[in-house]
Amino acid sequence: MRDFDLLVIGSGPGGQKAAIAAAKLGRRVAVVDRPDMVGGVSIHTGTIPSKTLREAVLYLTGLTQRDLYGQSYRLKEDITVADLTARTSHVVSREVDVIRNQLSRNHVSLFAGTGRFVDDHTVALREVTGHDRMLSADNIVIATGTRPARPATVEFDERTILDSDNVLNLEQVPRSMVIVGAGVIGMEYASMFAALGSKITVVEQRPGMLDFCDVEVIESLKYHLRDLAVTFRFGETVAAVEKHPKGTLTILESGKKIPADSVMYSAGRQGLTDELDLDKAGLSADRRGRITVDEHYRTEVPHIYAVGDVIGFPALAATSMEQGRTAAYHACGEPVNRMHDLQPIGIYTIPEISFIGKTEDQLTEDCVPFEVGISRYRELARGQIIGDSHGMLKLLVSPETRKLLGVHCFGTGATELIHIGQSVMGCGGTVDYLVDAVFNYPTLAESYKVAALDATNKIRQIDRLRD
Ligand SMILES: Cc1cc2nc3c(=O)[nH]c(=O)nc-3n(C[C@H](O)[C@H](O)[C@H](O)COP(=O)(O)OP(=O)(O)OC[C@H]3O[C@@H](n4cnc5c(N)ncnc54)[C@H](O)[C@@H]3O)c2cc1C
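Everything numeric here is computed off the predicted structure, so don't read it as measured data.

Caption draft 1: Main features of the overall build of the chain. Regarding its fold elements, the chain presents 13 helices and 22 strands. Scaling as 2.2 N^0.38, a compact globule of 467 residues should have a C-alpha radius of gyration of about 23 Å, and the chain matches this with 24 Å. The burial tally for the chain puts 50% of its 467 residues in the buried class. For the chain, the accessible surface area stands at approximately 22,000 Å², while carbon and sulfur atoms represent 50% of it. Averaging the positions of the 51 positive and the 61 negative side-chain charges in the chain gives two centres separated by 2 Å.

In structure tokens form, the structure reads like this:
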């Protein structure tokens, strides 16, 4: 008999949920991870620290209160890195504790060390002592995640020239910063540092940013960030980054030179598979370190699964957890539904963005007719109370079926509010449900009713013309 029914490599969101799900089904489960990484990238350098940092920035800068108390309002004048990291360290240590506790409550064995395959049923765990310990299992889940991709030509010192994993190493809040890459992570950090008063330049080789989102929402985000002194250099490529005693110089291929206190690279991530000896298990990874899986998250070796960022898109904690649970159920022979196609996207820029379903551009490209219903926070009592005058919710509604085709939200609470739209869409509800529903007042959720009325009024107008 092998040591375990299920062995998980990596304790991030995907690995954790796989382990807990199998343990709840009564299986003998083990998780291996490095001793200082329990909880994964998500807890140590990704989702949790970045979202906690954002919360600390919003609180200390008083940015969201300035509509009410004036542009000079600040909770603290000189915000230090220590002010920011205090909150982050507190949350991270609590979260690690929660995970350890959950694993131990569910009798999941947690092994500290780095795992690599010896064969398709055995993992060698290299412990901190340098000693190798063999662990065998019927099923194995690879949930090793990713690390930031670093261009070989740039010398990262992790203090002034850094990637998103090193943000918390900054010795002080930089007066100026170049952010290379206008993806989700780059734009989240650009927002945070801009809110702290750093002069940010974003360099992106594509002609624009976040092009999978609603165009109007991204226009609003750019407007807000420019207002916070962010400069965008789209369609530009970094040729070199120089480090000098008084700061950094980023040289673009177009010849522009951008001086700044620091440079942060946020230009993609690489799957963490190079130390796994995948070939010993009959597996391989692509050039970006990612593993291919089928709809059950099985690799080409059917009792070895892979979940989370190591399998690529969408590379979110939210989806990784669900992939982990689904893979574990499948490995344990438990019936499981496929993950719902309707998945929300949350982007924690300042202001935040969230959406579900289609964008206007996608619908137009597919020749699907739609009507738009908009609610602006400034017209909601709750919007006035919290001082958010720019927020908005947009519903895309089919005039034929009256179903929601997409929901796009920008502003306070967007990532929470989107789940109302998700529920209506997921249950096949129509815009009429939102028109007839009573919402608590005053809330931001009321924006659904306002936007639904806007959309149905427009649909009615067209119908009347035809009567
Ligand atoms: C800055 C930033 C912000 C983010 N914000 C969000 C967000 O707001 N919302 C969201 O949903 N997602 C967010 N993400 C993405 C999210 O963090 C990832 O999708 C998620 O962490 C992936 O989970 P995972 O299960 O793949 O494992 P990971 O969290 O990547 O963890 C993998 C674990 O495997 C371990 N490991 C690797 N190799 C081995 C080995 N050989 N042996 C043992 N252990 C090993 C590592 O030590 C690590 O602990 C963010 C990411 C970053 C970088």
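Still more ground to cover, so stick around.
Caption draft 2: Local environment of the domain arrangement of the chain. Domain assignment breaks the chain into domain 1 (4-148 + 270-331), domain 2 (161-267) and domain 3 (351-466). A C-alpha centroid distance of 32 Å is found between domain 2 and domain 3. Listed per partner, the contact involves ten residues of domain 2 and 13 residues of domain 3. In total, domain 2 and domain 3 occlude about 960 Å² of area from one another, counting both sides; carbon and sulfur atoms represent 69% of this. Summed over the shared surface of domain 2 and domain 3, the number is three salt bridges. For the salt bridge of Glu216 with Arg376, the shortest nitrogen-to-oxygen distance reads 3.7 Å. Taken together, domain 2 and domain 3 are joined by three residue pairs in polar contact (both at pLDDT 80 or more). Here the side of domain 2 that touches domain 3 is composed, by residue class, of six nonpolar, two polar and two charged.

Caption draft 3: Quick peek at the nonpolar core. Core analysis: the biggest nonpolar cluster contains 51 residues, and Leu7, Val8, Phe117, Ile140, Ile142 and Ile304 have the highest contact counts within it. At the level of elements, strand S1 (4-9), helix H1 (13-24), strand S2 (29-33), helix H5 (81-105), strand S5 (122-126), strand S6 (132-142), strand S17 (304-306) and helix H8 (317-331) are the ones that each hand at least two residues to this core. The dominant element in this core, judged by the number of residues it contributes, is H1, at six residues. In this view, Leu7 contacts Ala30, Val32, Val123, Leu135, Ala137, Asn139, Ile140 and Val141; residues no more than four positions away in its chain are not counted. Leu53, Leu58, Phe193 and Ile345 belong to the second-largest nonpolar core, a separate cluster that totals 42 residues.

Caption draft 4: Structural context of the packing of aromatic side chains. According to the stated counting rule, one finds six aromatic pairs in the structure shown. Where Phe156 meets Tyr265, the ring centres are 5.5 Å apart and the plane angle is 65°; that geometry is what we call edge-to-face. Pair noted here: Phe156 is in the loop between strand S7 (146-148) and strand S8 (161-163) and Tyr265 is in strand S15 (residues 262-265), with a separation of 109 residues, a long-range link. Taken individually, Phe156 and Tyr265 each receive the classification buried, so the pair is uniform in this respect. Seen from their ring centres, Phe232 and Phe234 are 5.3 Å apart, and the 10° between their planes marks the pair as stacked. Among the residues examined, Phe232 registers a relative accessible area of 9% and is labelled buried. In this structure, Arg150 is placed above the aromatic ring of Phe156, and the distance from its NZ or CZ to the ring centre is 4.4 Å. Above the ring of Tyr329, the side-chain terminus of Arg325 is found at 5.2 Å from the ring centroid.

Caption draft 5: Representation of the layout of surface pockets within the structure. A volume near 790 Å³ is recorded for the second largest pocket. Leu63, Thr64, Gln65, Ile350 and His390 are, among the 28 residues lining the second largest pocket, the residues nearest its centre.

Caption draft 6: Focus on the pattern of salt bridges. Scanning the model with the defined rule gives 30 salt bridges in all. Residue Lys222 pairs with Glu219 through a salt bridge whose shortest N-O separation is 3.4 Å. Placement of both Lys222 and Glu219 in helix H7 (residues 215-227) is noted, with a separation of three residues, approximately one turn of the helix. By relative accessible area, which is 13% here, Lys222 ends up buried. Asp454 is the salt-bridge partner of Lys458, the closest N and O atoms lying 3.3 Å from each other.

Caption draft 7: Structural detail: H7. The terminal C-alpha atoms of H7 lie 18 Å apart, and with 13 residues this matches the ideal 18 Å at 1.5 Å per residue to within 8%. Every buried residue of H7 is accounted for by Val217, Ile218, Leu221, Lys222, His224 and Leu225. Down the axis, H7 shows its buried residues gathered within 165° of arc, on one side only. Structural note: H7 exposes Tyr223 and Asp227 on the side pointing more than 90 degrees away from its buried face.

Caption draft 8: Layout of the site of the ligand. Close contacts around the ligand come from 38 residues, with Gly14, Asp33, Lys51, Gly115 and Asp309 the closest. Arg34 places a side-chain nitrogen or oxygen 3.3 Å from an oxygen atom of the ligand. In the model, an oxygen atom of the ligand is placed 3.2 Å from a nitrogen or oxygen of the Ala318 main chain. For the ligand, whose accessible area on its own is 1,000 Å², the fraction buried by protein is 96%. At the level of secondary structure, the elements contributing two or more residues to the shell around the ligand comprise H1, S2, helix H2 (40-44), helix H3 (47-61), strand S4 (114-119), helix H6 (184-195) and H8.

Caption draft 9: Geometry of the state of the cysteines. A full pass over the atoms with the stated rule returns zero disulfides. The cysteine Cys213 is free of any disulfide, with Cys409 supplying the nearest cysteine sulfur at 12 Å. Its sulfur unpaired, Cys427 is 19 Å from the next cysteine sulfur, which belongs to Cys409. The class for Cys427 is exposed, based on a relative accessible area of 71%.

Here is what the cut-offs are and how they apply
- Residues numbered from 1 in each chain as written.
- Predicted model: local features only at pLDDT ≥ 70, side-chain atom pairs only at ≥ 80, totals over all residues.
- Heavy atoms only, no water.
- Helix = DSSP H or I, 4+ residues; strand = E, 2+ residues; numbered from the N terminus.
- Rg over C-alpha atoms; globule rule 2.2 N^0.38 Å.
- Buried < 20%, exposed > 50% of the residue type's maximum accessible area, 1.4 Å probe, protein only.
- Areas by Shrake-Rupley, 256 points an atom, 1.4 Å probe, with all protein chains shown as cover.
- Lys, Arg positive; Asp, Glu negative; His and termini not counted.
- Charge placed at Lys NZ, Arg CZ, Asp CG, Glu CD.
- Domains from an automatic or database assignment.
- Contact = heavy atoms within 4.5 Å.
- Buried area = accessible area lost by both parts, 1.4 Å probe.
- Salt bridge = Lys/Arg side-chain N within 4 Å of Asp/Glu carboxyl O.
- Polar contact = N/O pair within 3.5 Å; in protein donor to acceptor, adjacent residues only side chain to side chain.
- Nonpolar A, V, L, I, M, F, W, Y, C, P; charged D, E, K, R; others polar.
- Core = buried A, V, L, I, M, F, W, Y, C linked by side-chain atoms within 4.5 Å.
- Phe/Tyr/Trp six-rings, centres within 6.5 Å; stacked < 30°, edge-to-face > 60°.
- Lys NZ or Arg CZ within 6 Å of the ring centre and 35° of its normal.
- 1 Å grid on protein atoms, 1.4 Å probe; cavity = no way out; pocket = protein on both sides within 12 Å on 5 of 7 lines; lining within 4 Å.
- Points joined across faces, edges and corners; volume = space filled by probe spheres on them.
- Expected span 1.5 Å × (residues − 1).
- Arc of directions from axis to C-beta.
- Near = heavy atom within 4 Å.
- Disulfide = S-S within 2.5 Å.

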